Amino acid sequence: MSITEKLLSLDVAKYKEKVVDTLEIKRLSQIVGEPFLVRIQEVDDERIQELQAMMLDKKGRVDYTQTRKVNALLCTEGITEPNLKDTKLQKHFGANTPKELAEILFKGADLGKVADAIIKLNNFVDDSEDEDDTKN
């Protein structure tokens, strides 16, 4: 069977489904007294590129001071549970926007950990590089 035939045999609806996963946030697990699992899904590639572009300054260099902001925005796009867009949840934590709620809930490295997991779901990370590093 040719590659074209294989592609034609795919269930397109299933292929287009967003990849989902769960991720435990250990700090929050300790606070709530049980595993705190965040449900994440992949984000549209164009949206990820828009967010990543926000990290560039006018000369096209990476402005690392924007990392937390971009990670928080990525979390608002990729986290499905808890619902960061829930206004009652935002109000409860004193946040005005989903981005602010993400920054409140995911302190320190947790925000980056969630954002990295979302990026991995989108297949923007080449896992084969990690395998090469462990072989050497």
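Scroll up to find the structure this text is about.
In this report, the structure presented in the accompanying data block is examined. (Residues numbered from 1 in each chain as written. Predicted model: local features only at pLDDT ≥ 70, side-chain atom pairs only at ≥ 80, totals over all residues. Heavy atoms only, no water.)

A count of helical and extended segments in the protein chain gives nine helices and three strands. Reading the protein chain from its N terminus to its C terminus gives the helix and strand order α-α-β-α-β-α-α-β-α-α-α-α. Counting only C-alpha atoms, the protein chain reaches 55 × 40 × 35 Å along its principal axes. In the structure as shown, the protein chain presents an accessible area of about 9700 Å², 50% of it carried by carbon and sulfur atoms. Averaging the locations of the 21 positively and 27 negatively charged side chains of the protein chain gives two centres separated by 7 Å. (Helix = DSSP H or I, 4+ residues; strand = E, 2+ residues; numbered from the N terminus. Areas by Shrake-Rupley, 256 points an atom, 1.4 Å probe, with all protein chains shown as cover. Lys, Arg positive; Asp, Glu negative; His and termini not counted. Charge placed at Lys NZ, Arg CZ, Asp CG, Glu CD.)

A word on a nonpolar patch on the surface. Taken together, the side chains of Ile3, Leu7, Leu10 and Tyr15 define a hydrophobic patch exposed on the protein surface, amounting to about 490 Å² of accessible area. Residue placement: Leu7 occurs in helix H1 (residues 3-8). (Patch = residues over 30% accessible without salt bridge, like charges linked within 9 Å, V, L, I, M, F, W, Y side chains within 5 Å. Salt bridge = Lys/Arg side-chain N within 4 Å of Asp/Glu carboxyl O.)

In this section: the sheet that holds strand E2 (residues 37-41). Sheet architecture is open: three strands sit in the order E1-E2-E3, paired in antiparallel fashion. Only two strands of the sheet have a single partner each, and these edge strands are strand E1 (20-24) and strand E3 (79-81). Recorded for the sheet is a direction-independent mean angle of 40° between the axes of neighbouring strands. Across two bridges, the pairing between E2 and E3 is antiparallel. Looking at the pairing, Arg39 lines up with Glu81 of E3. (Pairing = 2+ DSSP bridges. Axes fitted to C-alpha atoms, helices over the stretch in contact; angles between N-to-C directions.)

Taken as a whole, helix H7 (residues 98-105) has its buried residues at Leu101, Ala102 and Leu105. For H7, the angular spread of the buried residues around the axis is 100°, confining them to a single face. Looking at the packing, one finds that the buried side of H7 touches helix H3 (26-32), helix H5 (67-78), helix H6 (87-92) and helix H8 (109-121). (Buried < 20%, exposed > 50% of the residue type's maximum accessible area, 1.4 Å probe, protein only. Arc of directions from axis to C-beta. Contact = heavy atoms within 4.5 Å.)

One finds Ile25, Ile40, Leu74, Ile79, Phe106 and Val114 to be the most contacted residues of the largest nonpolar core, which totals 29 residues. Elements with a minimum of two residues in this core: E2, helix H4 (45-53), H5, H7 and H8. When residues in this core are grouped by element, the largest group, seven residues, is from H8. If near-sequence neighbours (up to four positions away) are discounted, Leu74 is found in contact with Val43, Ile48, Leu51, Ala115, Ile118 and Ile119. (Core = buried A, V, L, I, M, F, W, Y, C linked by side-chain atoms within 4.5 Å.)

On to the pattern of salt bridges. Inspection of the entire model under this criterion finds six salt bridges. The salt bridge partner of Asp44 is Lys18, with a shortest N-O separation of 3.8 Å. A residue pair is termed long-range when its members are at least 10 positions apart, and Asp44 in the loop between E2 and H4 and Lys18 in the loop between helix H2 (12-16) and E1 qualify at 26 residues. When the shortest N-O distance is used, the salt bridge between Glu50 and Arg47 registers 3.1 Å. Within this pair, Glu50 and its partner Arg47 are both found in helix H4, separated by three residues, close to a single helical turn. Using a relative accessible area of 45% as the deciding quantity, one classes Glu50 as partly exposed. You can call Arg47 partly exposed: its relative accessible area is 25%. It is possible to trace a salt-bridge network through shared partners that takes in Arg47, Glu50 and Glu77.

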